[in-house]
Amino acid sequence: MLKRTEGIVLRSFPFGEADLIVTYLTRDYGLMKLFAKSPRKTKSRFGSSLEPLTYATISFLGKEEASLPRLTQSDIIRPFQSLRNDFRCFLRVSELLDVTIRFLPEREPNAEAFSLLLHTLLRLSSDCANDLYYLYHKVRLLEISGFSPRFDTCGNCGLPINTVAPSPGASHSFFLSHGAVICGRCSGGDGGVVRLSDGTVRFYKSLIGWNPARIHRMRAHESLLSGVRDAIDSHIAHILGRSGTLKKGEFIHHHSLDRRG
């Protein structure tokens, strides 16, 4: 059965001499992989529509149980070429694509995740140096996928973490093993700990409630940005079973192979 939807290319891998396996985040079917026949033989419009970040209307053929449906058509809506041309921007955006692939299950419709990614790319295409866009995207994706960290209640007893009247220099211990802050009344967990200031916790709670259309008007002190960013990146890395930060270079390497192919 032929199906049609909108999709954003997250990743593509060479398959054989001329074919590609393309990973999309689609509006109607969620995360899925499609088989593209011979797009690497010629520099056709079909082949260019399979570049990472490309937003397109796509058609694919395959039964519901098919492990790899065949991509039959791809019409570009927006290529986001400027993000690919700027290596620094592409390096940062690639981390968002990597997290999307790793946190969303395949073939589960998720219109909210699709809308988040599309709107993030639209904003970054005109302001790719704005750190708030990247941080907001990660925070919202974790929320959408059900992996949000808990900064407002204790991961052991469930009581609220008091940030209403903090003492000077107060900080909270975010335990990666719990994915939550552990209050002073409870014992901590195993593994890494990230220290969070009261200001950082309040900034995170404010951030998740922001209107994304107004982020370009927002300003945040670097200490607050770095505090939330360190906690979120450490949380993501722990969930994925890694040490250190996400391997952005690994993602870029795959795309470099695709382009040379």
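Residues numbered from 1 in each chain as written. Predicted model: local features only at pLDDT ≥ 70, side-chain atom pairs only at ≥ 80, totals over all residues. Heavy atoms only, no water.

A.B. asks: Help me understand the overall build of the chain in this model?
C.D. replies: For the chain, the count of helices and strands is eight helices and nine strands. Across the 261 residues that make up the chain, the buried fraction comes to 47%. Long-range pairs, those at least 24 residues apart, make up 65% of the contacts in the chain with a sequence separation of at least 6. Counting every atom, the chain has about 12,800 Å² of accessible surface; 50% of that belongs to carbon and sulfur. (Helix = DSSP H or I, 4+ residues; strand = E, 2+ residues; numbered from the N terminus. Buried < 20%, exposed > 50% of the residue type's maximum accessible area, 1.4 Å probe, protein only. Contact = heavy atoms within 4.5 Å. Areas by Shrake-Rupley, 256 points an atom, 1.4 Å probe, with all protein chains shown as cover.)

A.B. asks: So what exactly am I meant to see when it comes to the confidence of the model for the chain here?
C.D. replies: As a general rule, the predicted coordinates of low-pLDDT regions are not to be interpreted in detail. For the chain, per-residue confidence averages 86 on the pLDDT scale, and 84% of positions sit at 70 or higher. Below a pLDDT of 50 lies the segment residues 243-261, which in the model reaches 32 contacts outside its immediate sequence neighbourhood of four places, other chains included. (pLDDT = per-residue confidence, 0-100.)

A.B. asks: Explain the state of the cysteines to me, please; I cannot follow it from the model alone.
C.D. replies: Every disulfide links exactly two cysteines, by a covalent bond between their sulfur atoms. Counted under the stated rule, the structure contains one disulfide. Here C89 pairs with C128 through a disulfide, and the sulfurs are 1.8 Å apart. Of this pair, C89 sits in helix α3 (residues 87-103) while C128 sits in the loop between α4 (111-124) and α5 (131-145), and the two are 39 residues apart along the sequence. For C157, which is in no disulfide, the shortest distance to another cysteine sulfur is to C154 and amounts to 3.7 Å. No disulfide involves C186; its sulfur sits 3.7 Å from the nearest other cysteine sulfur, which is in C183. (Disulfide = S-S within 2.5 Å.)

A.B. asks: I tried to follow the packing of α3 against α4 on my own but got confused; where do I start?
C.D. replies: The description of two packed helices rests on the angle between their axes and on the distance between the axes. Two elements in contact, α3 and α4, have axes whose closest approach is 12 Å; the angle formed by their N-to-C orientations is 175 degrees. With respect to each other, α3 and α4 are oriented roughly antiparallel. Between α3 and α4, the residues in contact are V93, L96 and L97 and L117, T120, L121 and L124, respectively. Of the residues assigned to the contact of α3 with α4, the class counts are six nonpolar, one polar and no charged. (Axes fitted to C-alpha atoms, helices over the stretch in contact; angles between N-to-C directions. Parallel < 35°, antiparallel > 145°, perpendicular 65-115°, else oblique. Nonpolar A, V, L, I, M, F, W, Y, C, P; charged D, E, K, R; others polar.)

A.B. asks: Which parts of the structure should I look at to understand the environment of L240?
C.D. replies: By secondary structure assignment, the location of L240 is in the loop between α7 (222-239) and α8 (248-260). A residue is classified by how much of its surface remains accessible, and L240, at 23% relative accessible area, is partly exposed. Note: C-alpha distance between L240 and F103 (137 residues apart in sequence) is 8.8 Å.

A.B. asks: In this structure, what is going on with the sheet that holds strand β6 (residues 150-154)? I would like to understand it.
C.D. replies: Within a sheet, each strand pairs with its neighbour through backbone hydrogen bonds, oriented either parallel or antiparallel. Taken together, four strands build an open sheet; the order of strands is β6-β8-β7-β9 and the sheet is mixed. The open sheet has two free edges, formed respectively by β6 and β9 (193-197), since each of these has just one partner strand. Here the average twist between neighbouring strands, direction ignored, is 45 degrees. In this sheet, β9 lies alongside strand β7 (residues 171-175) in antiparallel orientation, the contact comprising five bridges. (Pairing = 2+ DSSP bridges.)

A.B. asks: Hey, could you run me through the environment of L124 in this one?
C.D. replies: Mapped onto the fold, L124 is located in helix α4. A residue is classified by how much of its surface remains accessible, and L124, at 1% relative accessible area, is buried. With 35 residues separating them along the chain, L124 and C89 place their C-alpha atoms 8.4 Å apart. Apart from residues no more than four positions distant in its own chain, L124 is found in contact with L83, V93, L96, Y133 and Y134.

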